[in-house]
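Analysis of the macromolecular model
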Amino acid sequence: MITLDNIEVRFGDFTALHDINLHVKEGEFYTFLGPSGCGKTTTLRTITGFIEPTKGSVLMKDKDITNVPIEKRNIGIVFQSYALFPTMTVYDNIAFGLKIKKLKKEEIDKKVREIARKVDLSDEQLEKAVSQLSGGQQQRVAIARALVTNPSVICLDEPLSNLDAKLRVQLRNELKQMQKEFGITSIYVTHDQEEALTLSDTIAVFNKGRIEQIGSPNEIYNHSATEFVCNFIGDINRLSDETVKDMIAKGYTLDLAMHHYIRLERLHVNMEMHSEDVYTFEGKVEAMEYYGLYIKYTINTPTQTVKVIEKNDGSTPYSLGDTVKVSFHARNIMSYTPQEA
């Protein structure tokens, strides 16, 4: 559907994107994930036509659109700020692109009302000024305006970042449901790891203008290709040199020159684990965070401090100062050769 072939983007002497190669399949929810300034929005703007690459090609359905004007790419765009017209009605905001295309009034009305129903905007809300709506409702207007022209692709640049946490989760679920219903190819930009993992079919993790890894949420999380991805996706424990030395002394095959990590939920407290690759060490509960569905413990051991997530099964949580055993399967360790700065 969308292919980026060796894309490079420069701003003067600064190279914002280095050799970006990716392919977005038709109907896919594809997310660009990474910290601020990593190149994900620049990549999105290159796809939409706001930025012309210094090198490389942008293809849509195998057709080169690198030099095609923005308005002729048939790509819907939802901006972080929504970019709505605050003094215009919701109806007129949604109808704006259709009026530019010079559609008949009756056809515009039909399309606006159809898309409004699909994104849960009422006839009453259509008559209101955008400035009278809540943040969540404005986001729906922005999505409706992007979809009403029936684009081949919709690009969304951090569309939930201006909302509070609870509304963000609610609209995240709605957004995924809408994408499934419309079946539209979606390219989504976010710095929020949880958002990326829950929404995406495929994730491209960006860092300093390069792609570190492309894969499914499961691949990105459980089989992180690089140390950066491993650290950026979710919370994680890095095993100390002392822990690694102890494991090597007990017969585990680890390289002390590498960096070794294990995710919090892969560690277990006071659990009987019968397997040859299980490593166990003892420690004291130093801190506890109660989240309802799960409990996060900070446990101080002789070789390091680790964090552990335990599912809340209704039993009494461990108390501060309790001595516990922490166990994990060595096969769940992710190891990386240190990269030079």
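Read on for an overview of the structure. On a predicted model such as this, the values are computed, not experimentally measured, just so you know.

**What about the pairing of strand E15 (residues 294-300)?**
Of all seven residues in E15, five are buried; the element is thus mostly enclosed. Sheet analysis places strand E14 (residues 278-290) next to E15, joined by six bridges and oriented antiparallel. Counted as the bridge partner of Ala287 is Thr298 from E15. As consecutive antiparallel partners, E14 and E15 are separated by three residues, and within that stretch Gly292 has a phi angle of approximately 90°, a positive value. With seven bridges connecting them, E15 and strand E16 (residues 305-311) associate as antiparallel partners. Each residue of the ladder has a partner; that of Ile299, found in E16, is Val306. Between E15 and E16, which follow one another and run antiparallel, lie four residues.

**A word on the sheet that holds strand E12 (residues 259-263)**
Reading across the sheet, the three strands line up as E11-E12-E18 and stay open at both edges, with antiparallel pairing between neighbours. Taken across any chain shown, the strands that pair with only one partner, and hence form the sheet edges, are strand E11 (236-238) and strand E18 (334-336). Along the sheet, successive strands turn relative to each other by an average axial angle of 30°, direction set aside. In the sheet, E12 pairs with E18 via three bridges, with the strands oriented antiparallel. Looking at the pairing, His260 lines up with Ser335 of E18.

**Description of the packing of aromatic side chains**
In total, this model carries 13 aromatic pairs according to the counting rule given. For Arg263, the ring lying beneath its charged end belongs to Tyr221, and the centroid distance is 4.1 Å.

**Some thoughts on helix H2 (residues 90-100)**
Within the sequence span of H2, burial applies to Val90, Tyr91, Asn93, Ile94, Ala95, Gly97 and Leu98. On its buried side, H2 packs onto helix H3 (105-118), helix H4 (123-126) and helix H5 (135-147). Note on H2: the residue one or two positions beyond its end, Lys102, has a positive phi of about 60°.

**Overview of the side chain of Ser240**
Relative to the assigned elements, Ser240 resides in the loop between E11 and helix H10 (241-249). Taking the relative accessible area as the measure of exposure, Ser240 reaches 16% and is therefore buried. When near neighbours in sequence (up to four residues on either side) are disregarded, Ser240 contacts Thr303 and Gln304.

**Some points on the sheet that holds strand E4 (residues 55-60)**
Here four strands make up an open sheet; going across it, the order is E2-E1-E4-E5 and the pairing antiparallel. With partners counted over all chains shown, the strands left at the sheet margins are strand E2 (14-24) and strand E5 (63-64), one partner each. The pairing of strand E1 (residues 2-11) with E2 spans seven bridges and is antiparallel. When the sheet's bridge partners are listed, Thr3 is paired in E2 with His23. Along the sheet face, helix H1 (residues 40-48) touches E1, E2 and E4 and points at about 115° away from the line of E1.

**Digging into a nonpolar patch on the surface**
Taken together, the side chains of Phe85, Phe96 and Ile100 define a hydrophobic patch exposed on the protein surface, amounting to about 260 Å² of accessible area. Its place among the elements puts Ile100 in helix H2.

**Observations regarding the environment of Leu160**
By the element assignment, Leu160 lies in the loop between strand E7 (153-157) and helix H6 (165-182). C-alpha separation for the pair Leu160 and Ser335, spaced 175 residues apart in sequence, amounts to 34 Å. With residues near it in sequence (within four places) discarded, Leu160 still touches Gln139, Arg168, Leu171, Arg172, Tyr188 and Glu195.

What counts and what doesn't
Residues numbered from 1 in each chain as written. Predicted model: local features only at pLDDT ≥ 70, side-chain atom pairs only at ≥ 80, totals over all residues. Heavy atoms only, no water. Buried < 20%, exposed > 50% of the residue type's maximum accessible area, 1.4 Å probe, protein only. Helix = DSSP H or I, 4+ residues; strand = E, 2+ residues; numbered from the N terminus. Pairing = 2+ DSSP bridges. Axes fitted to C-alpha atoms, helices over the stretch in contact; angles between N-to-C directions. Phe/Tyr/Trp six-rings, centres within 6.5 Å; stacked < 30°, edge-to-face > 60°. Lys NZ or Arg CZ within 6 Å of the ring centre and 35° of its normal. Contact = heavy atoms within 4.5 Å. Patch = residues over 30% accessible without salt bridge, like charges linked within 9 Å, V, L, I, M, F, W, Y side chains within 5 Å. Areas by Shrake-Rupley, 256 points an atom, 1.4 Å probe, with all protein chains shown as cover. Salt bridge = Lys/Arg side-chain N within 4 Å of Asp/Glu carboxyl O.

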